[in-house]
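Here's the letter readout for the chains.
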Amino acid sequence: MGPSEAGDILGRPTSRELLKRGLARLAYVAEDGTPRSIPIGFFWNGSQIVMCTAPNAAKVSALRQSPAVALTIDTEAHPPLILLVRGRAELELVDGIPDEYFQGGACAMTPEQRAEWEAGVRSLYESMVRIVVTPTWAKLIDFETTLPSAVEELMRRR
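Residues numbered from 1 in each chain as written. Predicted model: local features only at pLDDT ≥ 70, side-chain atom pairs only at ≥ 80, totals over all residues. Heavy atoms only, no water.

Asker: Please explain the side chain of S15 as it appears in this structure.
Answerer: Summarising the element assignment, S15 is placed in helix α2 (residues 13-18). Taking relative accessible area as the criterion, S15 reaches 0% and is therefore assigned buried. Each residue touching S15, except ones within four places of it in the same chain, is listed here: I9, L10, L83 and L140. (Helix = DSSP H or I, 4+ residues; strand = E, 2+ residues; numbered from the N terminus. Buried < 20%, exposed > 50% of the residue type's maximum accessible area, 1.4 Å probe, protein only. Contact = heavy atoms within 4.5 Å.)

Given below as structure tokens:
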């Protein structure tokens, strides 16, 4: 699959809704060679997934060593909607807090809670690392028009 095919999948209405959720699970290989999967807030800018983290986070040095990543964005409802994305992480140290950090990770906060959270973030971070993933592969599983590959194969065999 090429980036244009991944873009077609990410442009589907269901994918666009999932990309608004703001919380994904990021899978990467840690420096000790073992797999990791962590929840992380993100912002979809229309072509890339942008995540931000502390410069001293373990994932930063791991991603510099091995930038291949996979992301899962899904719902809790049954049947779940699942968006799977693969790509390579590009890292950039930035002064202050990137705008994407406040745009991503959307969650239900009152305006007062949001203001308090933003003030806390601004007082904590002098800099952050932007982790940018340009999707090179994507799959949407909605259990109506698309299924996991293994299930599709089993159904073809039947």
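Asker: Would you mind going over the side chain of T53 with me for this structure?
Answerer: Mapped onto the secondary structure, T53 falls in strand β4 (residues 49-53). Judged by relative accessible area, T53 falls into the buried class, the value being 8%. A distance of 3.2 Å separates the side chain of T53 from the side chain of K59, its partner in a polar contact. Apart from residues no more than four positions distant in its own chain, T53 is found in contact with K59, V60, M128, V129 and I131. (Polar contact = N/O pair within 3.5 Å; in protein donor to acceptor, adjacent residues only side chain to side chain.)

Asker: Would you explain unusual backbone geometry in this entry?
Answerer: For residues other than glycine, phi is negative in most cases, and the peptide bonds are mostly trans. Look at the link from H78 to P79: it is a cis peptide, with omega at -5°. Here P79 shows up in the loop between β5 (68-74) and β6 (82-95). Phi is positive for F143, which is not a glycine, with a value near 65°. Within the secondary structure, F143 sits in the loop between β7 (127-141) and α6 (149-157). Under the relative-accessibility criterion, F143 is labelled partly exposed at 33%.

Asker: I would appreciate a short explanation of the environment of K59 in the present structure.
Answerer: Mapped onto the secondary structure, K59 falls in helix α3 (residues 58-65). By relative accessible area, which is 13% here, K59 ends up buried. C-alpha of K59 to C-alpha of L26: the two residues are 33 residues apart in sequence and 9.8 Å apart in space. Residues contacting K59, with those up to four places away along its chain left out, are L26, Y28, I38, I40, T53 and I131.

Asker: Any chance you could explain α3 here in plain terms?
Answerer: One turn of the α-helix equals 3.6 residues, which is why residues spaced by three or four share an orientation. Those residues of α3 not exposed but buried are K59, V60, A62 and L63. In the core, the buried residues of α3 are packed alongside β1 (23-29), β2 (35-41), β4, β5, β6 and β7.

Asker: Help me understand the pairing of β2, please; the structure alone is not making it clear to me.
Answerer: Walk down a regular strand and you will see the side chains alternate between the two sheet faces. With 7 bridges connecting them, β1 and β2 associate as antiparallel partners. Bridge pairing links A24 to I40 in β2. Between the antiparallel neighbours β1 and β2 lie 5 residues, among them G33 with a positive phi of about 90°. (Pairing = 2+ DSSP bridges.)

Asker: Can you help me understand the packing of aromatic side chains in this one?
Answerer: Summed over the entire model, instances satisfying the criterion amount to 4 aromatic pairs. Relative to W117, the ring of Y101 has its centre 5.8 Å away and its plane inclined at 25°; by these criteria the two rings are stacked. Residue Y101 is found in helix α4 (residues 99-103), and its partner W117 is found in helix α5 (residues 111-124); the two are separated by 16 residues along the sequence. Taking the relative accessible area as the measure of exposure, Y101 reaches 22% and is therefore partly exposed. Put simply, the rings of Y101, F102, W117 and Y125 pair up and form one aromatic cluster. When the ring centre of W137 is taken as origin, the NZ or CZ atom of R86, which lies over that ring, is 3.7 Å away. (Phe/Tyr/Trp six-rings, centres within 6.5 Å; stacked < 30°, edge-to-face > 60°. Lys NZ or Arg CZ within 6 Å of the ring centre and 35° of its normal.)

Asker: Would you mind showing me how to read the pairing of β6 here?
Answerer: By the bridge criterion, 7 bridges tie β5 to β6 in an arrangement that is antiparallel. Paired with V69 across the bridge in β6 is G87.

Shape is all these values report; function is a separate question.
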